[in-house]
Amino acid sequence: MDAIEVIRAKRDGQELRPEQIDWVIDAYTRGEVAEEQMSALAMAIFLRGMTRAEVSRWTEAMLASGERLDFSELDRPTTDKHSTGGVGDKITLPLTPTVAACGAAVPQLSGRGLGHTGGTLDKLESIPGWRASLSTDEMRAVLSDTGGVICAAGGGLAPADRKLYALRDVTGTVESIPLIAASIMSKKLAEGTGALVLDVKAGSGAFMKDVDSARELARTMVGIGADHGVRTVALITDMSTPLGRQVGNALEVAESVEVLSGGGPADVVELTVALAREMLAAAGLTPGENGVKDPAEALADGSALAVWKRLVRAQGGDPDAPLPQAAERREVLAPASGTLTRLDAYQVGLAAWHLGAGRTRKEDAVSFGAGVTLHAKPGERVRAGEPLFTLHADDPARFERGARALEGAFDIADAGHEPRPLILDRIA
Ligand code: URA
């Protein structure tokens, strides 16, 4: 077999045969298929698409390029969540201990942020002492002791995807639904979860800007999960406005702890509880039966918070230590009185990034204390001259760009506000 034959087949709109897919992924991972050949193939896939059978096989081949974890020896079922990423999306932090407190085990491999959306590991690393890198044995021990683990994916999981994603990033081929679906699912299937809930975001702050593309991505991923024997369900959720009232690493940890303590913003609580119920159902657990708690009860009675503290301690963190704060703060005042009718997720994410919460290149450090506090959410009343945002940064030189990113990010009007539901659809 050779790469040119595979590229020509896809270029001409043919369905790739399973043996062609297996060969090209394996040969690319070993360096036998050149980067320029894989970039031509990725572009042909971008333009021609893939059938369900091709996407499933592509995912299988990427999965086979590395190790696959197995937690089937645990005394409870495993279930996990993947979010396609959004602004203020800290849901993994309250969700993992909540689901663990209800009776399932959550092996959560997470990433770092790049660009305007934050990464779960960056948020957790703002907790003094907390460690993201665990060996597989350490991961297994934390999972079996606490019911949850959130850590960095090791280099051994789906190495073909790591190589291909870096190539897609510089060849204009990231935005291909089959390639995105295969990339995400190869990593999630490699982590060995028995059930998976996908939070596919739609809106300005998300990868998928409109609900129809989010649905198509969700359907493709749910199909891949089913083809691999992992019960997979997707919620399509709104990312036109940020989640919660805090955007930034330590700011989002503090907000997550509020949710785990039975408080916190209504949207973060709603999504945490909805995803937790889906994760339990996908794992075959029913609240009220065999000691399985309902997620809302686990948040209210302190059991989710207790698991959070154990989970943080198990990875070297001190859950009671003060979180880092930015050296400087500035307020942005509301220019008029009325109802906040729009607050754009992408622009708030960009502001947090300019303030130092995110990184431009993979090797950059993030500022743990930097970010944006939102004093109003869409539908709430604001008064002229009162704070609309608090900007947090270590370096005051960053305030100007942060504030500029927020110009035009919101509307204040006299008119009433039609709230957009948080959960837009469910795909199973
Ligand atoms: N996230 C991934 O892991 N892969 C993609 O292709 C896009 C987003």
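Quantities reported herein were computed from a predicted structural model and do not represent experimental measurements. Residue indices follow the written sequence of each chain, beginning from 1 at its first position. This being a predicted model, a pLDDT of at least 70 is required before a residue's local features are given, and a value of 80 or more before pairs of side-chain atoms are given or counted; all residues contribute to the totals for chains, interfaces and linings.

**Considerations on the overall build of the chain**
In step 1: Secondary structure elements are defined from DSSP: runs of H or I of at least 4 residues count as helices, runs of E of at least 2 residues count as strands, and each element is numbered from the N terminus. A count of helical and extended segments in the chain gives 16 helices and 13 strands.
In step 2: For a compact globule the rule gives 2.2 Å times the number of residues to the power 0.38, and the radius of gyration it is set against comes from C-alpha atoms. Against the globule reference of 22 Å for 428 residues, the chain gives a C-alpha radius of gyration of 22 Å, in line with a compact fold.
In step 3: A residue is called partly exposed when the number of other C-beta atoms within 10 Å of its own lies between 12 and 20, exposed at 12 or fewer, and buried at 20 or more, with C-beta atoms placed from the backbone. For the chain, the residues scored as buried account for 54% of the 428 residues in total.
In step 4: The contact rule is simple: place each C-beta atom from the backbone, and if two of them lie within 7 Å, those residues are in contact. When contacts within the chain are restricted to residue pairs at least 6 apart in sequence, long-range pairs at least 24 apart make up 79% of them.

**Notes on the UniProt feature "domain: Pyrimidine nucleoside phosphorylase C-terminal" (unreviewed entry) in the chain**
In step 1: UniProt positions are given in the numbering used here, feature names are shortened, and annotations may be inferred rather than shown by experiment. UniProt's entry tags residues 339-413 with the feature "domain: Pyrimidine nucleoside phosphorylase C-terminal" (unreviewed entry), counted in the numbering of this structure.
In step 2: For the annotated span residues 339-413, helix accounts for 24% and strand for 29% of the residues, and the straight-line distance between the end C-alpha atoms is 5 Å.

**Focus on the site of the ligand**
In step 1: Whether a residue is near a molecule or strand depends on its C-beta atom, placed from the backbone, lying within 6 Å of it. Neighbouring the ligand are the residues Tyr-165, Val-174, Leu-179, Ile-180, Ser-183 and Ile-184.
In step 2: Under the grouping applied here, Gly and all other residues not named as nonpolar or charged are polar, the nonpolar ones being Ala, Val, Leu, Ile, Met, Phe, Trp, Tyr, Cys and Pro and the charged ones Asp, Glu, Lys and Arg. When grouped by side-chain class, the residues that make up the shell around the ligand number five nonpolar, one polar and no charged.

**Here we look at the packing of helix H8 (residues 159-169) against helix H9 (residues 177-190)**
In step 1: Note on geometry: axes are lines fitted to C-alpha atoms, helical ones only across the stretch in contact, with angles between N-to-C directions running from 0 to 180 degrees. At a minimum axis distance of 10 Å, the contact between H8 and H9 shows a crossing angle of 150°. Classified by the interaxial angle, the pair formed by H8 and H9 is roughly antiparallel. Note that H8 runs across H9; the crossing there is left-handed. Listed contacts from H9 to Asp-161, Tyr-165 and Arg-168 of H8 are Leu-179, Ser-183, Ser-186 and Lys-187. What sets the label is the angle itself: under 35 degrees gives roughly parallel, over 145 gives roughly antiparallel, 65 to 115 gives roughly perpendicular, and the rest give oblique. Throughout, a crossing is termed right-handed when the near helix is turned clockwise from the far one, and left-handed when it is turned anticlockwise from it by less than a right angle.

**Some details on helix H11 (residues 249-260)**
In step 1: By definition here, a helix of n residues has an expected span of 1.5 Å times n minus one. The terminal C-alpha atoms of H11 lie 17 Å apart, and with twelve residues this matches the ideal 16 Å at 1.5 Å per residue to within 8%.
In step 2: Considered for burial, the residues of H11 that qualify are Asn-249, Ala-250, Leu-251, Glu-252, Val-253, Glu-255, Ser-256, Val-257, Val-259 and Leu-260.
In step 3: Positive backbone phi, approximately 95°, marks Gly-262, located one or two places after H11.

**Focus: the sheet that holds strand E5 (residues 231-238)**
In step 1: Pairs of strands are assigned from DSSP output, requiring at least two bridges between the strands. In spatial order, the strands read E1-E4-E5-E13; together these four strands make up an open sheet with mixed pairing. Both edges of this open sheet fall to strand E1 (80-83) and strand E13 (423-427), since each of them pairs with a single strand only. Going across the sheet, the axis of each strand differs from the next one's by a mean of 20°, ignoring polarity.
In step 2: Here E5 pairs with E13 via four bridges, running antiparallel.

**Some remarks on the sheet that holds strand E10 (residues 381-382)**
In step 1: An order of E10-E8-E12 is seen for the three strands of this open sheet, with the pairing classed as antiparallel. On the outer flanks of this sheet lie E10 and strand E12 (410-413), each paired with one strand and no other.
In step 2: One ladder, built from two bridges, connects strand E8 (residues 338-343) with E10; its direction is antiparallel. Note on E10: the bridge partner recorded for Thr-339 is Arg-381.

**A closer look at the pairing of E1**
In step 1: Burial of E1 is two-sided: the residues Asp-80 and His-82 facing one way and the residues Lys-81 and Ser-83 facing the other way are all buried.
In step 2: Strand direction decides the pairing type here: E1 and strand E4 (residues 195-202), joined by four bridges, are parallel. Looking across to E4, one finds that Lys-81 is bridged to Val-197.

**What to know about the packing of helix H3 (residues 35-48) against H8**
In step 1: Between H3 and H8, the shortest axis-to-axis distance is 10 Å and the interhelical angle comes to 75°. By the angle between their directions, the pair H3 and H8 is classed as roughly perpendicular. In contact with Glu-35, Met-38, Ser-39 and Ala-42 of H3, H8 contributes Leu-164, Leu-167 and Arg-168.
In step 2: Considered class by class, the residues forming the contact of H3 with H8 number four nonpolar, one polar and two charged.

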